[in-house]
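Results of the structural survey
Here's the letter readout for the chains.
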Amino acid sequence: QVQLVESGGGLVQAGGSLRLSCAASGRTFSSYAMGWFRQAPGKEREFVAVITSAGGSANYADSVKGRFTISRDNAKNTVYLQTNSLKPEDTAVYYCNVVWRSINYWGQGTQVTVSS
C-alpha cells in the first residue's frame, strides 16, 4: 500500500526557514516525478514545486521561485522542500504528491505557519 508521510512543518517568524520532508513507502518512486502542493484556509490546493525522477530538473510556482528548493534522495525514497525567506502568505498545509498508475497519492500534510 502506497503511503506518503510529510514532516517538518511548524511555526516560524517571517524570514525564517523550514525543511519539509516526505517519506514514501509501499513502493519505490525513483522513476516518478514527485511534487509539493499547499492549501491555505479558505483557498484551493495549489502547486508549489515538482522534481523529475532523477532530480535533474525542477519547476516552481512563481510565488516561491528563488525562495524554495525541492530535492530528493531516491535511496531513502524521500523528497524534500527547503523553504527560505518565508512570508505570512506561505502559511498553509503542505502536501506531498505522486501520480502512480493514474492515481494521485497524497500525504496527510504538514502545517506551516509564518508569523509576521
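Conventions and cut-offs
- Residues numbered from 1 in each chain as written.
- Predicted model: local features only at pLDDT ≥ 70, side-chain atom pairs only at ≥ 80, totals over all residues.
- Heavy atoms only, no water.
- Core = buried A, V, L, I, M, F, W, Y, C linked by side-chain atoms within 4.5 Å.
- Buried < 20%, exposed > 50% of the residue type's maximum accessible area, 1.4 Å probe, protein only.
- Helix = DSSP H or I, 4+ residues; strand = E, 2+ residues; numbered from the N terminus.
- Contact = heavy atoms within 4.5 Å.
- Disulfide = S-S within 2.5 Å.
- Pairing = 2+ DSSP bridges.
- Axes fitted to C-alpha atoms, helices over the stretch in contact; angles between N-to-C directions.
- Phe/Tyr/Trp six-rings, centres within 6.5 Å; stacked < 30°, edge-to-face > 60°.
- Lys NZ or Arg CZ within 6 Å of the ring centre and 35° of its normal.

A few words now on the nonpolar core. A general trend in soluble globular proteins is that nonpolar side chains are found buried together. Leu4, Trp36, Val48, Val79, Leu81 and Tyr94 are the most contacted members of the largest nonpolar core, which totals 29 residues. Breaking this core down by element, the ones donating at least two residues are strand S3 (18-25), strand S4 (34-39), strand S5 (46-51), strand S7 (68-73), strand S8 (78-83), strand S9 (92-100) and strand S11 (110-115). Discounting chain neighbours no more than four positions away, the residues touching valine 79 are Leu20, Ser21, Cys22, Met34, Trp36, Ile51, Ile70, Ser71, Arg72 and Cys96.

On to the state of the cysteines. For the structure shown, the criterion picks out one disulfide. A sulfur-sulfur distance of 2.2 Å marks the disulfide that ties cysteine 22 to cysteine 96. One quick way to see it: the torsion about the S-S bond of cysteine 22 and cysteine 96 is about -80°, and its sign makes the bridge left-handed. One end of the pair, cysteine 22, is in strand S3; the other, cysteine 96, is in strand S9, with 74 residues separating them in the sequence. In this structure, cysteine 22 and cysteine 96 share a single accessibility class: buried.

Right, let's talk about the sheet that holds S3 for a bit. Strand order in the open sheet formed by four strands is S1-S3-S8-S7, with antiparallel pairing between adjacent strands. With one partner strand each, in any of the chains shown, strand S1 (3-7) and S7 form the two edges of the open sheet. Each strand of the sheet is rotated relative to its neighbour by a mean of 15°, with strand direction disregarded. Summarising the sheet, S1 and S3 pair through five bridges and their orientation is antiparallel. Within the sheet, the bridge partner assigned to valine 5 lies in S3 and is alanine 23.

Let us look at the packing of aromatic side chains. Scanning the entire structure with this criterion turns up six aromatic pairs. Aromatic side chains phenylalanine 29 and tyrosine 32 sit 6.1 Å apart centroid to centroid with 75° between the ring planes, which places their arrangement in the edge-to-face category. Classification of phenylalanine 29 as buried rests on a relative accessible area of 0%. Geometrically, the ring pair formed by tyrosine 95 and tryptophan 106 is edge-to-face, given 6.4 Å between the ring centres and 90° between the ring planes. One end of the pair, tyrosine 95, is in strand S9; the other, tryptophan 106, is in strand S10 (residues 103-106), with eleven residues separating them in the sequence. Following the ring pairs from residue to residue traces out a cluster consisting of Phe29, Tyr32, Trp100 and Tyr105. The ring centre of phenylalanine 29 lies 5.6 Å from the NZ or CZ of arginine 27, which sits over that ring. For arginine 45, the ring lying beneath its charged end belongs to tryptophan 106, and the centroid distance is 4.5 Å.

It is worth stressing that arrangement in space is one thing and function is another; only the former is reported here.
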